Structure formats: structure tokens, C-alpha cells
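Coordinate analysis (summary)
What follows is the residue order along each chain.
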Amino acid sequence: MQGASEGEITVRITRADGRARLPQYESSGAAGMDLSARLDGSLRLPPLGRALVPTGIKIEIPPGFEAQVRPRSGLAAKNGVTVLNSPGTIDSDYRGEIAVILVNLGAEDFVVSDGQRVAQLVFAPVARARLEAAEELSATDRGAGGFGSTG
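Notes on the structure in this doc start here. (Residues numbered from 1 in each chain as written. Predicted model: local features only at pLDDT ≥ 70, side-chain atom pairs only at ≥ 80, totals over all residues. Heavy atoms only, no water.)

**Examining the overall build of the chain**
Secondary structure assignment for the chain yields one helix and eleven strands. Mapped from its N terminus to its C terminus, the chain presents α and β elements in the order β-β-β-β-β-β-α-β-β-β-β-β. Taken against the 2.2 N^0.38 rule, which gives 15 Å for 151 residues, the C-alpha radius of gyration of the chain at 19 Å runs more than 25% over that of a compact globule. Along the first, second and third principal axes, the C-alpha set of the chain runs to 55 × 45 × 30 Å. (Helix = DSSP H or I, 4+ residues; strand = E, 2+ residues; numbered from the N terminus. Rg over C-alpha atoms; globule rule 2.2 N^0.38 Å.)

**Some remarks on the environment of Val69**
Considering the arrangement of structural elements, one finds Val69 in strand S6 (residues 65-70). Sequence separation of Val69 and Pro87 is 18 residues, and the distance between their C-alpha atoms is 5.3 Å. When sequence neighbours within four positions are dropped, the list of residues in contact with Val69 reads Leu35, Val83, Ser86, Pro87, Gly88, Ile90, Val100, Ala119, Gln120 and Leu121. (Contact = heavy atoms within 4.5 Å.)

**Quick word on the sheet that holds strand S4 (residues 50-54)**
Pairing in this open sheet of three strands is antiparallel, and the strands run S4-S9-S7 from one edge to the other. Only two strands of the sheet have a single neighbouring strand rather than two, namely S4 and strand S7 (81-83). Recorded for the sheet is a direction-independent mean angle of 35° between the axes of neighbouring strands. (Pairing = 2+ DSSP bridges. Axes fitted to C-alpha atoms, helices over the stretch in contact; angles between N-to-C directions.)

Below, the structure is given as C-alpha cells:
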């Protein structure tokens, strides 16, 4: 990718809404860029309520990568608000506006305001699998044990 240094990728970005806040890293060691809500006013999430929150941005992810939409730890710890399909995957061929599915697992109403940081965006490489039909799979010590089988 031209213009990118080691450990970086170039992601093209545009505003679907001219007032949208562009994502940014909030510290030098941050793995995720904060995504902000782009709302006309505010949005109330009652306990156990969920909503699709627009961000007002569109991105072009290079082939071989994805963007993951993840919760912000502060919203989760302080308010019980998280990303419902966490992590949400944005494929490299998607060109629509990014939206975040927020859910309020807290006991109080939560109000989302325009410009509020609501999620994180993490870019990651993707490996595509080539499936190979087999009559049986190789044996392991664990075998078919799952859901707590290892203690």
C-alpha cells in the first residue's frame, strides 16, 4: 500500500454527512479509532433497547483486510452500553455508511448525543479459507468436547 509505513494500511474515507466527525486514535498506543454518532439531536436508549446509530462516514478498506466495530470500554463499564454484534465486521467491498448497533444493558435510560464516541474501529488482516471435503477429521486429545470441556 503506497504511503503506508510498516504496520499501517491506507484506508480511504469520505463523509456521507458533511457534519460527521472523522474517526481518530485517542492515544499513541490505541488499537482502535473512535467512531462518533452522527445524529440530528439525540437518541434515547431505554434499558434493553437497541438502535442503529449512524456515523456519517464511509470507508474503503483495502482487499485482504476488514474493519471491526467494537465496544468502548468506558461506555460498557459506566453505563452498560455495548455493541450488539460485537465485533461487527465491515468487509473490504462494503461502501455504505458505517452504523453501530448499540444496546443498553444497563438499568437506566442512556442518551446518545451527536458527536458522542460510541464505538471503536479496528483494522485487521483477513485470511480466506479454502474448504476441503473430508470423510473424517484428524483426532486430538480434546476431540469434540466444547462449552466448558477444558475446565
